[in-house]
Amino acid sequence: MTPRDPTDAQLAAQYEAYPYPARDARDEAKRLVIGSPSHLREIDHWVFGGRRPAHQPLRALMAGGGSGDGSIMLAQQMTTLGRPGEVTWLDRSAQAKRVAQARATARGLQNLRFEDGSLLDLPGSGLGPFDYIDCCGVLHHLPDPAEGLAALASVLAPGGGIGIMVYAPHGRTGVYMLQDALRLLAPPDEPPAARVELAKRLWKQTPETAWLRKNPWIDDHIKGGDAGLYDLLLNPRDRAFTVPQLAALVAGAGLRIACLVEPLRYDPDSYLADPKLRARTAGLDPIARAALAEAICGNMGIHIAYLTREPVAPAPSEEETAVPVLRELDGPALARSLRPDGILPVSFDGLRVAVPLPRLAAALLARIDGVTPWGAILDAVVAGGASRDQALRDRAALVHAMERMNRLLVAAPA
């Protein structure tokens, strides 16, 4: 694809020189990179409301697939769970493609295919439609993010959804200051390797008063290798979105936000106990509430969201036939670790939140295995001595607490 402008050419050169994130196919034998968006359990829950049958093939697109984290994760999860379908990787970086292909080969994945190109060319490309589209860390680098999101929406199948990640401004405090400095010291028209060397020199000499030195949540320039440093401090085009700006972008594409991950983070009442303040937050619409949480916390460096065209009915999180599943948690182990006071301490990028759990939380969590439906779990808890009414009340409280943490979800029906 021919770059659209000089900045676009610089961006293309960056990802050829430094595929992002830096990955080594040999590491696939050690671990699977897990994250959001595009975790299969999250897609089942937040995009399809826990109602799309597991046997229905999933057609997924990774738009701007990069070195393959999202593609490998979803393709592996589908393989492990025996879920039919295919994941399509799409990107214009030949070097990133080589990395992603090597990772797929190392895992022996057969449900992942690779397409060269830009997501901006999706309309009329013949690709799609797709039931699920991932666009993680891409929209904020485009010349026109609205055009990019509209291109994704053009190949979204009816009833499908999109998972996105965009940068957020407050948690990236200090990043844009050093980007400004490096535009003066290492102009974007210089070779990428030379720019990296200058950025490393500047970081070593940056005084303690620099805001990025005071920002504990941003460390890609420290832990992400040359690719991480380049992407953070030398990227020629990088825009951050507040929650209201993200909501406007989404609405402009004819979409809606089905979930901001994790919902608990975007609830200001998670941080405000003062009844007078809560009386004010109660009068705010969901986007304003999320914007308030973003503003008072100050540590959100990204926003992760699932988007749909139509409203998604809430997942059947308390139906007797629904199968609860814990995302990357072991139910019995979690049950054993609960504190006697019933408080579950949770940390979001250094911000600690105390989440109260109901009295029967341990008894319920110990029986969640991703296979047993709620009805059987409740029967077992009642057989253990709890009343049916208490079990129902505590189940509702547990679901409310842990669904908002993006941890207790509903499995796709078999």
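Figured I'd write up the structure that's included with this text. Owing to the predicted nature of the structure, the values given are computational and were not obtained by experimental measurement.

Attention shifts here to the sheet that holds strand 4 (residues 130-136). The mixed open sheet is built from seven strands, whose spatial order is 3-2-1-4-5-7-6. The sheet is open, and its two borders are formed by strand 3 (112-116) and strand 6 (256-261), each paired with just one other strand. Pairs of neighbouring strands in the sheet enclose a mean axial angle of 20 degrees, with direction left out of account. Where strand 6 and strand 7 (residues 302-308) come together, five bridges link them in antiparallel fashion. What sits directly across from Leu260, in strand 7, is Ala305.

So, about unusual backbone geometry. The omega torsion of the bond from Gly128 to Pro129 falls at 0 degrees, within 30 degrees of zero and hence cis. The omega torsion across Val261 and Glu262 is -5 degrees, close enough to zero to call that bond cis. Within the secondary structure, Glu262 is located in the loop between strand 6 and helix 11 (275-281). Unlike most non-glycine residues, Glu328 shows phi in positive territory, near 55 degrees. Position of Glu328 among the secondary structure elements: in the loop between strand 8 (324-326) and helix 13 (331-337). At Asn406, a residue that is not glycine, the phi angle is positive and equals roughly 65 degrees.

Turning our attention to the packing of aromatic side chains. Given two aromatic rings, one states the distance between the centres and the angle between the planes to describe the pair. Within the structure shown, the criterion is met by three aromatic pairs. Here the aromatic rings of Tyr18 and Tyr230 are separated by 5.4 Å at their centres, their planes lie at 35 degrees, and the arrangement is tilted. Taken together, the positions of Tyr18 in the loop between helix 1 (6-17) and helix 2 (40-47) and Tyr230 in helix 9 (residues 225-234) put the pair 212 residues apart, joining distant regions of the chain. Tyr18 gets classed as buried once you look at its relative accessible area, which sits at 14%. For Tyr230, a relative accessible area of 2% gives the class buried.

Membership of the largest hydrophobic core comes to 35 residues, with the highest contact counts inside it found for Leu119, Ile133, Leu149, Leu152, Ile162 and Leu255. Those elements that place two or more of their residues in this core are strand 1 (58-63), strand 4, helix 5 (145-154), strand 5 (156-167), helix 10 (243-252), helix 12 (286-297) and strand 7. Not counting the four nearest positions on each side in its chain, Ile133 is found in contact with Leu61, Ala63, Leu152, Val155, Leu156, Gly161, Ile162 and Gly163. Leu344, Phe348, Leu360 and Met402 belong to the second-largest nonpolar core, a separate cluster that totals 31 residues.

Time to look at empty space enclosed by the protein. Within the structure shown, the criterion is met by one cavity of 30 Å³ or more. Within this model, the largest cavity holds a volume of roughly 40 Å³. Lining the largest cavity, in full, are Ser317, Pro324, Trp374, Val399, Leu408, Leu409 and Val410. The biggest single contributor to the lining of the largest cavity is strand 11 (residues 408-410), with three residues. Grouping the amino acids of the lining of the largest cavity by side-chain chemistry returns six nonpolar, one polar and no charged.

About the criteria used
- Residues numbered from 1 in each chain as written.
- Predicted model: local features only at pLDDT ≥ 70, side-chain atom pairs only at ≥ 80, totals over all residues.
- Heavy atoms only, no water.
- Pairing = 2+ DSSP bridges.
- Helix = DSSP H or I, 4+ residues; strand = E, 2+ residues; numbered from the N terminus.
- Axes fitted to C-alpha atoms, helices over the stretch in contact; angles between N-to-C directions.
- Phe/Tyr/Trp six-rings, centres within 6.5 Å; stacked < 30°, edge-to-face > 60°.
- Buried < 20%, exposed > 50% of the residue type's maximum accessible area, 1.4 Å probe, protein only.
- Core = buried A, V, L, I, M, F, W, Y, C linked by side-chain atoms within 4.5 Å.
- Contact = heavy atoms within 4.5 Å.
- 1 Å grid on protein atoms, 1.4 Å probe; cavity = no way out; pocket = protein on both sides within 12 Å on 5 of 7 lines; lining within 4 Å.
- Points joined across faces, edges and corners; volume = space filled by probe spheres on them.
- Nonpolar A, V, L, I, M, F, W, Y, C, P; charged D, E, K, R; others polar.

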